[in-house]
Amino acid sequence: QVQLVESGGGLVQAGGSLRLSCVASGSIFSFDTMGWYRQAPGKQRELVATVSSGGVTNYAESVKGRFTISRDNAEKTVSLQMNSLKPEDTAVYYCNGKRTFRLDSWGQGTQVTVSS
């Protein structure tokens, strides 16, 4: 079965940067779309950014201009470069993979904490 494993979370001060990475294992073919979602305490899970296998990206309005998503299809990885971090970005970040006619795959989550 396909598994997604995230890494790169941690504690950073406002204005700082972090880079999250996600590796897909157990799959021969790439996901149609990969992305990052986040969930803060007391908040619903929200989409942060997605990227298709063809490289088309989509970002939440709140992170446009600050976050950049990228993927390496050959290595089956997806990354999220987060710059100019704000306390509001504090959340558990989850890697997501979508395949046609299949249930979504999710990583275990990695904590990102931004202090003021």
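Residues numbered from 1 in each chain as written. Predicted model: local features only at pLDDT ≥ 70, side-chain atom pairs only at ≥ 80, totals over all residues. Heavy atoms only, no water.

Peer 1: Outline the pattern of salt bridges, listing residues and values.
Peer 2: For the structure on display, the rule yields five salt bridges. A salt bridge links D89 to R38; its shortest N-O distance comes to 2.9 Å. Here D89, found in the loop between β8 (77-82) and β9 (91-98), pairs with R38, found in strand β4 (residues 33-39); they are 51 residues apart in sequence, far enough to count as distant. Note that E61 and K64 form a salt bridge whose closest N and O atoms lie 3.2 Å from each other. Since its relative accessible area comes to 62%, E61 is described here as exposed. Members of the salt-bridge network, linked through shared partners, are R38, E46, R66 and D89. (Salt bridge = Lys/Arg side-chain N within 4 Å of Asp/Glu carboxyl O. Helix = DSSP H or I, 4+ residues; strand = E, 2+ residues; numbered from the N terminus. Buried < 20%, exposed > 50% of the residue type's maximum accessible area, 1.4 Å probe, protein only.)

Peer 1: Give me the lowdown on the sheet that holds strand β7 (residues 67-72), citing residues and values where you can.
Peer 2: The strand order across the open sheet formed by four strands is β1-β3-β8-β7, and the pairing between neighbours is antiparallel. Two strands lie at the open edges of the sheet, namely β1 (3-7) and β7, each paired on one side alone. The sheet shows a mean angle of 15 degrees between the axes of neighbouring strands, direction not considered. (Pairing = 2+ DSSP bridges. Axes fitted to C-alpha atoms, helices over the stretch in contact; angles between N-to-C directions.)

Peer 1: Describe the state of the cysteines, with residues and values.
Peer 2: Scanning all chains against the criterion turns up one disulfide. C22 shares a disulfide with C95; S-S distance 2.1 Å. One disulfide, between C22 and C95, carries an S-S torsion of -85 degrees and so falls in the left-handed class. With C22 in strand β3 (residues 18-25) and C95 in strand β9, the pair connects residues that are 73 residues apart, well separated along the chain. Judged by relative accessible area, C22 falls into the buried class, the value being 0%. (Disulfide = S-S within 2.5 Å.)

Peer 1: Lay out the side chain of R71 in plain terms, naming residues and giving numbers.
Peer 2: Along the chain, the position of R71 falls in strand β7. D32 is the oppositely charged side chain nearest to the buried, salt-bridge-free R71, at an N-O distance of 7.6 Å. In terms of polar contacts, R71 uses its side chain to reach the backbone carbonyl oxygen of V51, at 3.1 Å. Leaving out residues up to four positions away in the same chain, R71 has contacts with S30, F31, D32, T33, M34, V51, S52, S53, T77 and V78. (Lys, Arg positive; Asp, Glu negative; His and termini not counted. Polar contact = N/O pair within 3.5 Å; in protein donor to acceptor, adjacent residues only side chain to side chain. Contact = heavy atoms within 4.5 Å.)

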